[in-house]
Amino acid sequence: MEIEVAKELVLRAARMIDSRQFASLTPVELATLRRNLAGGVQMARHAANRLYESVGAHAIYRDNPIERVIRDVNAGASNYGFTDDLAAPNYGRAFIGFN
C-alpha cells in the first residue's frame, strides 16, 4: 500500500506541475504540494530499502538487479528538493502564515 500512496502523491504533484496549475496556488497549497512530493519520494525510498533488506546479503552484488534499483532510488531520493529538510519547514512556515 505504501508504494501506491507514494506513487499517487508524486503523480498528483507532477500532473499539477505539468498543467501549470501551481501558478495560482496559495502559499499553503504550494508548500503542501512540495511536502507531498518530497513525502512520496521518501515513502518510495523506504519501501525500496525494505525490499533490499528482505532480499538478503546477496543483493549487494552488481549482478543482482535489485542492487541497481536500490542505488538509483536512493540517489534520486537524496536530492535536496525531495528531502524533509526543505519541504517540512517551508510547509510549517506557510501553515502558520510566515511566508
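Structure's up top.
Residues numbered from 1 in each chain as written. Predicted model: local features only at pLDDT ≥ 70, side-chain atom pairs only at ≥ 80, totals over all residues. Heavy atoms only, no water.

Draft legend 1. Spotlight on the environment of I96. Position of I96 among the secondary structure elements: in helix α4 (residues 84-96). Overall, the relative accessible area of 56% leaves I96 in the exposed class. On a C-alpha basis, the gap between I96 and V28 in space is 8.9 Å, while along the polypeptide they are 68 residues apart. (Helix = DSSP H or I, 4+ residues; strand = E, 2+ residues; numbered from the N terminus. Buried < 20%, exposed > 50% of the residue type's maximum accessible area, 1.4 Å probe, protein only.)

Draft legend 2. Up close: the packing of aromatic side chains. For the structure on display, the rule yields 1 aromatic pair. With centroids separated by 5.8 Å and ring planes inclined at 25 degrees, the aromatic side chains of Y91 and F95 adopt a geometry described as stacked. With Y91 and F95 both in helix α4, this residue pair falls 4 residues apart, about one helical turn. Of the residues examined, F95 reaches a relative accessible area of 57% and is grouped as exposed. (Phe/Tyr/Trp six-rings, centres within 6.5 Å; stacked < 30°, edge-to-face > 60°.)

Draft legend 3. Broad picture of the packing of helix α2 (residues 27-55) against helix α3 (residues 65-77). Where α2 contacts α3, the axes come no closer than 10 Å and their chain directions differ by 155 degrees. The pairing of α2 with α3 is recorded here as roughly antiparallel in orientation. Between α2 and α3 the crossing geometry is left-handed. Within the contact between the two elements, α2 uses V41, Q42, A44, R45, A48, N49, L51, Y52 and V55 and α3 uses I66, I70, V73, N74 and A77. (Axes fitted to C-alpha atoms, helices over the stretch in contact; angles between N-to-C directions. Parallel < 35°, antiparallel > 145°, perpendicular 65-115°, else oblique. Left-handed = near helix turned anticlockwise from the far one by under 90°. Contact = heavy atoms within 4.5 Å.)

Draft legend 4. Quick peek at α2. Between its first and last C-alpha, α2 extends 42 Å over 29 residues, near the 42 Å set by a 1.5 Å rise per residue. Two residues or fewer after α2 comes G56, characterised by a positive phi angle close to 105 degrees. (Expected span 1.5 Å × (residues − 1).)

Draft legend 5. Geometry of the pattern of salt bridges. Taken as a whole, this structure holds 6 salt bridges when the rule is applied. In this structure, R12 and E8 form a salt bridge, with 3.7 Å as the shortest nitrogen-oxygen distance. Taken together, the residues R12 and E8, both in helix α1 (residues 2-18) and 4 residues apart, mark about one turn of the helix. Between E67 and R62 there is a salt bridge whose closest N-O contact spans 4.0 Å. Through salt bridges with shared partners, one network takes in E8, R12 and R15. (Salt bridge = Lys/Arg side-chain N within 4 Å of Asp/Glu carboxyl O.)

Without other data, these values stay purely geometric and don't point to any function.
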